[in-house]
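Coordinate inspection notes
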Amino acid sequence: MGYKLTVNCAWRATRTLWLFLLVSLSVCVCVCRAYSPQEDSAMENIVTEKKAEESHRQDSADLLIFILLLTLTILTIWLFKHRRFRFLHETGLAMIYGLLVGVVLRYGIHVPRDVSNVTMSCHVNASPATLLVNISGKFYEYTLKGEISANEVNDVQDNEMLRKVTFDPEVFFNILLPPIIFHAGYSLKRRHFFRNMGSILAYAFLGTVISCFAIGLLMYGCVMLMKQVGQLGGDFFFTDCLFFGAIVSATDPVTVLAIFNELQVDVDLYALLFGESVLNDAVAVVLSSSIVAYQPQGDNSHTFEVMAMLKSFGIFLGVFSGSFALGVATGVVTALVTKFTKLRDFQLLETALFFLMSWSTFLLAEACGFTGVVAVLFCGITQAHYTFNNLSPDSQDRTKQLFELLNFLAENFIFSYMGLTLFTFQNHVFNPMFIVGAFLAVFLGRAANIYPLSFLLNLGRRNKIRSNFQHMMMFAGLRGAMTFALSIRDTATYARQMMFSTTLLVVFFTVWICGGGTTQMLSCQHIRVGVDSDQDNMSIAEGSERRSTKQESAWLFRIWYNFDHNYLKPILTHSGPPLTATLPPCCGPLARLLTSPQAFENECQLKDDDSDLILTDGDISLTYGDITVSTDASGAHTSGGPAYAGGATSEDLDRELTYGDHELVMRGTRLVLPMDDSEPPFTDPHHRLRM
């Protein structure tokens, strides 16, 4: 009896254990089934994170390549400067290093194919920018990266690696171009620039348009010839030819100007080349956008129509004037902020505000539909003319050095990237006929710009643009960062891809050949070097030439400088005469409100570097004590008042006007021009003017 009871108990326990195990197993199965999607999702997240980390490492390695390129370029530049090598500029050197790295990336590194890549065919009319893919009930978003040719479908990973080192064109326009253009305006030598302002405007505006249409017409003839012989693989319209003419008309003689600055070439030649390159970049950008905006009525958008052409011309004027106004307005706002605040007591904040306001000008213009290049250029000129005077000495040095550094790094980065792009860009179209025609058209377009305009300008200039200057300007028409940025911005069509590939070759040739031959060209044309601009301008031996040059520029800017000195400078800066002395008495409260205390302290000091441009203006008189000396348009002096003490002669007066302390009386405003240190003042008491 006891044994039977023990067996029954064991059986019940075993059955209970089995039931418990079955229930537990069922629960586990249900739990596993319930949580398997979440585990799959967790695994997918882990894989995604690993891919993101690998992509981050790849991006860091790509950026490291460019940093090493710049580092190597800087070290080689030092070696070249130490050895006084001038046959190759740092920009050409950066391009060579970029080419070498591009060759290695293209042919020396191979990424194994990822077996997870899937290629499927789908018939659509256009390539969508964003694609939603349904995979087992889950939707994934894919973005368009670019077109891949049919024979490269199996090499997607290699294309992906090369695409990693290919930047978005907007990076150039929004990050790299602004400091380059701003530095050009901020470092502008206004004295020499305004002395040749009429000629610079003619070359920059009229010359760029002439060059654009000359190159466009020649290239259209070349394209028609290519079409006849069957060498054209896609559509290429006349508007495309004009667009190509516009982008290659933007000159960037950075190599030549660097050598000019080092050798101290004639200041007028330097001013003509620098001023033309600064302004014609802005003109080329607006001109290219106006050509793109050309839209005649009807289905064919490439036919000639007068109204469409006039509309494009109106767009050109509107965009340029709007960008100009926006850049000047930003500079004026910055000047007012730095004048009426105590930011100069906090140099770091002052420099940061100056930097952000200057950079935001470019982005603001682009966001408003204008051209950031034009806006930031004139913002830089306005900042240098007004805001710079309000900055503390530390901030003045900081802003100069900051933008000089950014300009150097951005420029060399772009030229390094040019060399890299020759091998990493996926859609190059090299056509020998188009390339030869482009080189010929660029040469003839530059000639049509320089020689006819120089002939016309010399008809009205006393200081003629000599033939050797014209030959040097013709030779120095290098293409660079702006041409590259405009060509890479749109490479979607066959025509744009061919333009981009040809533009790279044009930039390489002009930088290496023309830039490298600058020293030899200067020697061949017998252009003087070692010219100190300040000594040259103050030289008595060239006094008549200096006076004639001032007369050329004074008539153009007489009204502007009077208005600027008497009203704008006192409103926007701490320099200039107090507004209480220049505004009518009825505006007394407003004048006292807008005039800073420093203006009263600086009342007898002139801080305008460009004042020497208008010394021969007919409205100006020079006062020495009781003696007033006026100058007429011919440069002759007339004096009134008591005679000189000690019988000073007219030659003594000319010398005193050139080197001595004198006062400038302009519309009732008294200004003191500082004496130049290059020449000692009069010390002979017998030749001193009576004070």
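Parameters and conventions
- Residues numbered from 1 in each chain as written.
- Predicted model: local features only at pLDDT ≥ 70, side-chain atom pairs only at ≥ 80, totals over all residues.
- Heavy atoms only, no water.
- Helix = DSSP H or I, 4+ residues; strand = E, 2+ residues; numbered from the N terminus.
- Contact = heavy atoms within 4.5 Å.
- Areas by Shrake-Rupley, 256 points an atom, 1.4 Å probe, with all protein chains shown as cover.
- Buried < 20%, exposed > 50% of the residue type's maximum accessible area, 1.4 Å probe, protein only.
- Pairing = 2+ DSSP bridges.
- Axes fitted to C-alpha atoms, helices over the stretch in contact; angles between N-to-C directions.
- Parallel < 35°, antiparallel > 145°, perpendicular 65-115°, else oblique.
- Left-handed = near helix turned anticlockwise from the far one by under 90°.
- Nonpolar A, V, L, I, M, F, W, Y, C, P; charged D, E, K, R; others polar.
- Expected span 1.5 Å × (residues − 1).
- Polar contact = N/O pair within 3.5 Å; in protein donor to acceptor, adjacent residues only side chain to side chain.
- Salt bridge = Lys/Arg side-chain N within 4 Å of Asp/Glu carboxyl O.
- Core = buried A, V, L, I, M, F, W, Y, C linked by side-chain atoms within 4.5 Å.
- Phe/Tyr/Trp six-rings, centres within 6.5 Å; stacked < 30°, edge-to-face > 60°.
- pLDDT = per-residue confidence, 0-100.
- Patch = residues over 30% accessible without salt bridge, like charges linked within 9 Å, V, L, I, M, F, W, Y side chains within 5 Å.

**Considerations on the overall build of the protein**
Scanning the protein from terminus to terminus reveals 24 helices and seven strands. Contacts in the protein between residues at least 24 apart in sequence constitute 77% of all its contacts with a sequence separation of at least 6. Accessible surface, the protein: about 35,300 Å² in total, of which carbon and sulfur atoms supply 63%.

**Concerning the pairing of strand 2 (residues 138-143)**
By the criterion of burial, strand 2 is predominantly exposed, with just zero of the six residues buried. Relative to strand 2, strand 1 (residues 130-135) runs antiparallel, the two being bridged by six bridges. Pairing of L132 across the sheet is with E141, part of strand 2. Between the end of strand 1 and the start of strand 2, which pair antiparallel, lie two residues, with S136 showing a positive phi angle near 55°.

**Here's the deal with the packing of helix 6 (residues 197-228) against helix 7 (residues 238-247)**
At a closest axis distance of 7 Å, the pairing of helix 6 and helix 7 adopts a crossing angle of 135°. Overall, the two elements helix 6 and helix 7 adopt an arrangement that is oblique. Helix 6 and helix 7 meet at a crossing whose hand is right-handed. Mapping the contact onto sequence places C212, F213, I215, G216, L217, M219, Y220 and V223 in helix 6 and F238, C241, L242, F244, G245 and A246 in helix 7. Its residues assigned to classes, the contact of helix 6 with helix 7 comprises 12 nonpolar, two polar and no charged.

**A look at helix 9 (residues 267-292)**
If you check helix 9, its first and last C-alpha atoms are 37 Å apart, about what 26 residues at 1.5 Å a residue would give, namely 38 Å. Among the 26 residues that make up helix 9, 23 are buried, leaving the element largely enclosed by the rest of the structure. A distance of 2.9 Å separates the backbone nitrogen of D268 from a side-chain oxygen at the start of helix 9, and that oxygen is part of D266.

**A few points about the packing of helix 8 (residues 254-263) against helix 9**
Packed helix pairs are characterised by how far apart their axes lie and by the angle those axes make with each other. Two elements in contact, helix 8 and helix 9, have axes separated by 11 Å at closest approach and are oriented at 150°. In terms of orientation, helix 8 lies roughly antiparallel with respect to helix 9. The handedness of the crossing between helix 8 and helix 9 comes out as left-handed. On the side of helix 8, the interface is formed by V256, L257, F260 and N261, while helix 9 contributes L269, Y270, L273, F274 and S277. Split into classes, the residues belonging to the contact of helix 8 with helix 9 amount to seven nonpolar, two polar and no charged.

**Brief notes about the pattern of salt bridges**
If you walk through the whole model with that rule in mind, you get six salt bridges. Here E53 makes a salt bridge to R57, at a shortest N to O gap of 2.9 Å. Note that E53 and R57 are positioned in helix 1 (residues 2-83) at a spacing of four residues, about one turn of the helix. Residue R489 is joined to E170 by a salt bridge in which the shortest nitrogen-to-oxygen separation is 3.6 Å. Here the residue R489 occupies a position in the loop between helix 16 (481-488) and helix 17 (494-516), and E170 occupies one in helix 4 (residues 169-186), the gap between them amounting to 319 residues. Take R489: its relative accessible area is 35%, and that puts it in the partly exposed class. What you see here is one network of salt bridges that share partners, running through E170, E366 and R489.

**Looking at the nonpolar core**
M219, F244, F260, F434 and F484 are the most contacted members of the largest nonpolar core, which has 122 residues in total. Sorting elements by how many residues they give to this core places helix 9 first, with 13 residues. Residues within four places of M219 in sequence aside, it is in contact with C241, F244, F434, G437, A438 and A441.

**Some details on the packing of aromatic side chains**
Taken as a whole, this structure holds 26 aromatic pairs when the rule is applied. Ring plane angle 75° and centroid distance 6.1 Å describe the contact between F182 and F354, whose orientation is recorded as edge-to-face. Residue F182 is located in helix 4, and its partner F354 is located in helix 11 (residues 347-367); the two are separated by 172 residues in the primary sequence. For F182, a relative accessible area of 1% puts it in the buried group. With a centroid separation of 6.2 Å and an interplanar angle of 70°, the aromatic rings of Y186 and F388 are classed as edge-to-face.

**Considerations on the confidence of the model for the protein**
Scored by pLDDT, the protein comes out at a mean of 75, with 70% of its residues at no less than 70. Every residue in residues 537-554 scores below 50 in pLDDT, and together they form 38 contacts with partners more than four places removed in sequence or on other chains. In this model residues 606-691 is a low-confidence stretch, pLDDT under 50, and it forms 168 contacts with partners more than four residues away in sequence or in other chains.

**Comments concerning the side chain of S395**
The residue S395 is located in helix 13 (residues 393-424) in this model. Non-local contacts of S395, meaning those with residues more than four positions away in its chain, are made with Q347, E350 and T351.

**Some thoughts on unusual backbone geometry**
Positive phi, normally seen in glycine, also occurs at H526, with a value near 55°. Secondary-structure assignment places H526 in the loop between helix 18 (518-524) and helix 19 (533-538).

**Remarks on the environment of T166**
Along the polypeptide, T166 turns up in the loop between helix 3 (156-164) and helix 4. Using a relative accessible area of 26% as the deciding quantity, one classes T166 as partly exposed. Through-space distance from the C-alpha of T166 to that of T424 is 7.1 Å; in sequence the pair is 258 residues apart. Not counting the four nearest positions on each side in its chain, T166 is found in contact with Y417 and T424.

**A closer look at a nonpolar patch on the surface**
Together, L218, L440, F443 and L444 make up an exposed nonpolar region whose accessible area comes to about 380 Å². For the nonpolar patch, the element with the most residues is helix 14 (residues 432-458), which contributes three residues. Note on placement: F443 falls in helix 14.

**Quick notes on the environment of L486**
When you line up the elements, L486 lands in helix 16. A relative accessible area of 7% means that L486 is categorised as buried. Distance in space between the C-alpha atoms of L486 and T503 is 9.9 Å, their sequence separation being 17 residues.

**Regarding helix 14**
Here helix 14 is 27 residues long and its end C-alpha atoms lie 39 Å apart, about the 39 Å a rise of 1.5 Å per residue gives. One side-chain oxygen at the N-terminal end of helix 14 lies 3.1 Å from the backbone nitrogen of M433; it belongs to N431.

**Some details on the environment of V442**
Looking at the element boundaries, V442 is found in helix 14. Residues V442 and C212, spaced 230 residues apart in sequence, show a C-alpha to C-alpha distance of 9.3 Å.

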